[in-house]
Structure formats: structure tokens, C-alpha cells
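Structure assessment
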Amino acid sequence: MDRQDVKSVGDITLEKGFYGKISCAGDLLLKGELEAYSIKAAGDLEALENVKVETLRVYGDAEFRKDVEAIEAKIYGDAEIFGHFQCQDLKVFGECTLKKLDAEKLTVFGALERAEEVNAEKAEFSGEVEITGVLNVGHGEFKLVGDSKVEEIYCESLSVKSDGEFFNGVLSGLISRGKSGTLTSDLIEGDDIYLENTTAKMVRGNKIKIGPGCRIQRVEYNERLEVHSSAEVKEKAEL
């Protein structure tokens, strides 16, 4: 099936259908359910129905009212997804607000906000993260440069390190940048866990290292527990 490419420097409205490459420098309105090889939006983008795309680039403000499925997506501006977001490789340089995300690889340099559920095989966070529900991750890494909150984290391995000088780009104004970022969580559970500057009610796992700046209510471990001299752990239990 031949697909029509769409390129516009002004405002444009697209109806339901199959498209090739969509590029718009003005405002882009997607009225119907749409499938495309690529979408590149430099102005405001509003999608009223489901969107399926191989490559997505958002440079301005984008609002997706329903589900989004993409192979690769890069968010440089602000994007809000009201439905289910499925993406093999998602990079957030700006700000992304969503409900549910399923990704193979997730990289956040800017801000991920008001997420209810995030599932990823691999995730790297170097900005601010707000997950009001659950983060399920195979291998997760936080480089703390802002204040992040995740209600529950389930992982195979997790590394949380203070890295206040990591984020020096033009988007640094998106986060409350300082020399010491923080992570706050009710529950962190996994096989191999290393934490810095983390406040948590419960940390549970096999191999756990509690590093500097941590305040943990209770730690439950199977194999090994190490606690830095500056960290605070109120209760410890070997399972």
C-alpha cells in the first residue's frame, strides 16, 4: 500500500487513515485513528484517537487523547498521553505526562510526571520522576539531579546515585536542580539494590547496599546487607 507523505509549514488537520512521513512546523490536529511511518511535530500536536507510528518526534506541545504505539519516540517539548503508551525505545528530554507506559528501554533526561504505572526492561533516569503507582523494571538506574517520587519499585537490579552535576543542558530549568537529588518511595524490592539519598519505608531484596544520605524505615534481606555510616536504618531483618 502506497502511503502519502504530508509536509506542512502551517497548520494542518489529518483525518483517519494510513500515512507515510508526517512533518508539520505549525499546529497538527489528528482527528481520526491514524497510522504512519513517522510523525515530526514542531508546533502544537493534538491527537483525538489512537496513534500508531514507527518514529515519533515531539518538539512543541503534544496531547494524545487515547493510546499511542511507537517503535521509537523522542520528546523534546511537552507531551501528555491520556491512554496507554507502548514504545520500544522512549527518550524524554523535555517533559512527559502519562498514565501507563510499557517500554523496552526508557531514558529520562527531563521530567516524567504523574505516571500511574511504568513497565520497562531497562530504565535510566537523570531528571525528575513522579510515579504515583508502580515502577516495574528489569535493570534501573537513577542519577539523582532532582527530587523524584515513586510509590513502589520492583526490579531485578537498581542503582540510585547522587549525581548533581550530570544535568547541564538547556533543559536544566525543568528540574529542581541541586547538588543532591533525592528519591522517595514506600517500597523498593529487588534482587540487587544500591541506594544513595533515598528515603523509603521498606527495602526488601537479596543483596542490598544502603549508601550515604539514606533514611530507611525497615530493610529485609536474604544474602547480604551493607549500611553506610551516614545512613539511617531503623529496622533490619534477615529473611
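As the structure is a computational prediction, the values presented were derived from the model and not from experiment.

The rules we used
- Residues numbered from 1 in each chain as written.
- Predicted model: local features only at pLDDT ≥ 70, side-chain atom pairs only at ≥ 80, totals over all residues.
- Heavy atoms only, no water.
- Phe/Tyr/Trp six-rings, centres within 6.5 Å; stacked < 30°, edge-to-face > 60°.
- Helix = DSSP H or I, 4+ residues; strand = E, 2+ residues; numbered from the N terminus.
- Disulfide = S-S within 2.5 Å.
- Buried < 20%, exposed > 50% of the residue type's maximum accessible area, 1.4 Å probe, protein only.
- Contact = heavy atoms within 4.5 Å.
- Salt bridge = Lys/Arg side-chain N within 4 Å of Asp/Glu carboxyl O.
- Pairing = 2+ DSSP bridges.
- Core = buried A, V, L, I, M, F, W, Y, C linked by side-chain atoms within 4.5 Å.
- Patch = residues over 30% accessible without salt bridge, like charges linked within 9 Å, V, L, I, M, F, W, Y side chains within 5 Å.
- Areas by Shrake-Rupley, 256 points an atom, 1.4 Å probe, with all protein chains shown as cover.
- Lys, Arg positive; Asp, Glu negative; His and termini not counted.
- Charge placed at Lys NZ, Arg CZ, Asp CG, Glu CD.

The next subject is the packing of aromatic side chains. Aromatic ring pairs are described here by two measures, namely the spacing of the ring centres and the angle between the planes. Considering all chains together, one arrives at 4 aromatic pairs under this definition. With 4.9 Å between their ring centres and 5 degrees between their planes, Y76 and F93 make a pair best called stacked. Of the two residues, Y76 is situated in the loop between strand 9 (68–75) and strand 10 (78–92) and F93 in the loop between strand 10 and strand 11 (95–108); the sequence distance between them amounts to 17 residues. Put simply, the rings of Y59, Y76, F93 and F109 pair up and form one aromatic cluster.

Next up on the list: the state of the cysteines. Tallied over the entire structure, the rule returns 0 disulfides. Between C87, a free cysteine, and C96, which holds the nearest cysteine sulfur, the sulfur-to-sulfur gap is 9.5 Å. Residue classification places C87 among the buried residues on the basis of a relative accessible area of 3%. Residue C96 is classed as buried on the basis of its relative accessible area of 0%.

Mapped onto the elements of the fold, A25 is located in the loop between strand 3 (17–24) and strand 4 (28–30). Judged by relative accessible area, A25 falls into the partly exposed class, the value being 46%. When sequence neighbours within four positions are dropped, the list of residues in contact with A25 reads S8, V9, A42 and G43.

Another aspect to go through is the side chain of T107. Tracing the backbone through its elements, the reader meets T107 in strand 11. Those residues in contact with T107, other than ones at most four positions away along the chain, are L90, K91, V92 and E124.

Once that is clear, we can look at unusual backbone geometry. Phi at R114 is positive, roughly 55 degrees, even though this residue is not glycine. Of note, R114 is situated in strand 12 (residues 111–125). Backbone geometry at N197 places phi at a positive 45 degrees, although glycine is not the residue there. Relative to the assigned elements, N197 resides in the loop between strand 15 (182–195) and strand 16 (198–210).

This paragraph deals with the pattern of salt bridges. For the structure shown, the criterion picks out 15 salt bridges. Ionic pairing is found between K66 and E49, a salt bridge with its closest N-O pair at 2.9 Å. Remark: E49 occurs in the loop between strand 6 (45–47) and strand 7 (51–58) and K66 occurs in the loop between strand 8 (61–64) and strand 9; sequence separation between them is 17 residues. Here the salt bridges share partners, and the residues they tie into one network are E189, R204, R218, E220 and E235.

A word on the pairing of strand 7. Regular strands place side chains that alternate from one sheet face to the opposite one. Where strand 5 (residues 34–41) meets strand 7, 7 bridges bridge the pair, whose relative direction is parallel. Its bridge partner being in strand 7, I39 is matched across the sheet by L56. In the sheet, strand 7 pairs with strand 9 via 7 bridges, with the strands oriented parallel. Pairing of R57 across the sheet is with K74, part of strand 9.

This brings us to the nonpolar core. The biggest cluster of nonpolar side chains holds 68 residues, and the ones touching the most others in it are I39, L106, F142, L195 and I210. Discounting chain neighbours no more than four positions away, the residues touching I39 are I22, L28, L30, L34, V51, V53, T55, L56 and R57.

The subject of this paragraph is the environment of K21. Locating K21 in the fold gives a position in strand 3. Here K21 is in contact with Q4, D5, V6 and S38, once residues within four sequence places are set aside.

The next point concerns the environment of G138. Counting through the fold element by element, G138 comes out in strand 13 (residues 128–144). Its relative accessible area of 7% is what places G138 among the buried residues. Once residues within four sequence positions are removed from consideration, G138 is found in contact with A120, E121, C155, E156 and S157.

Judged by side-chain charge, E104, E121, E156, D191, D192 and E223 come together as a negatively charged surface patch. Note on placement: D191 falls in strand 15. Of the residues examined, D191 reaches a relative accessible area of 37% and is grouped as partly exposed.

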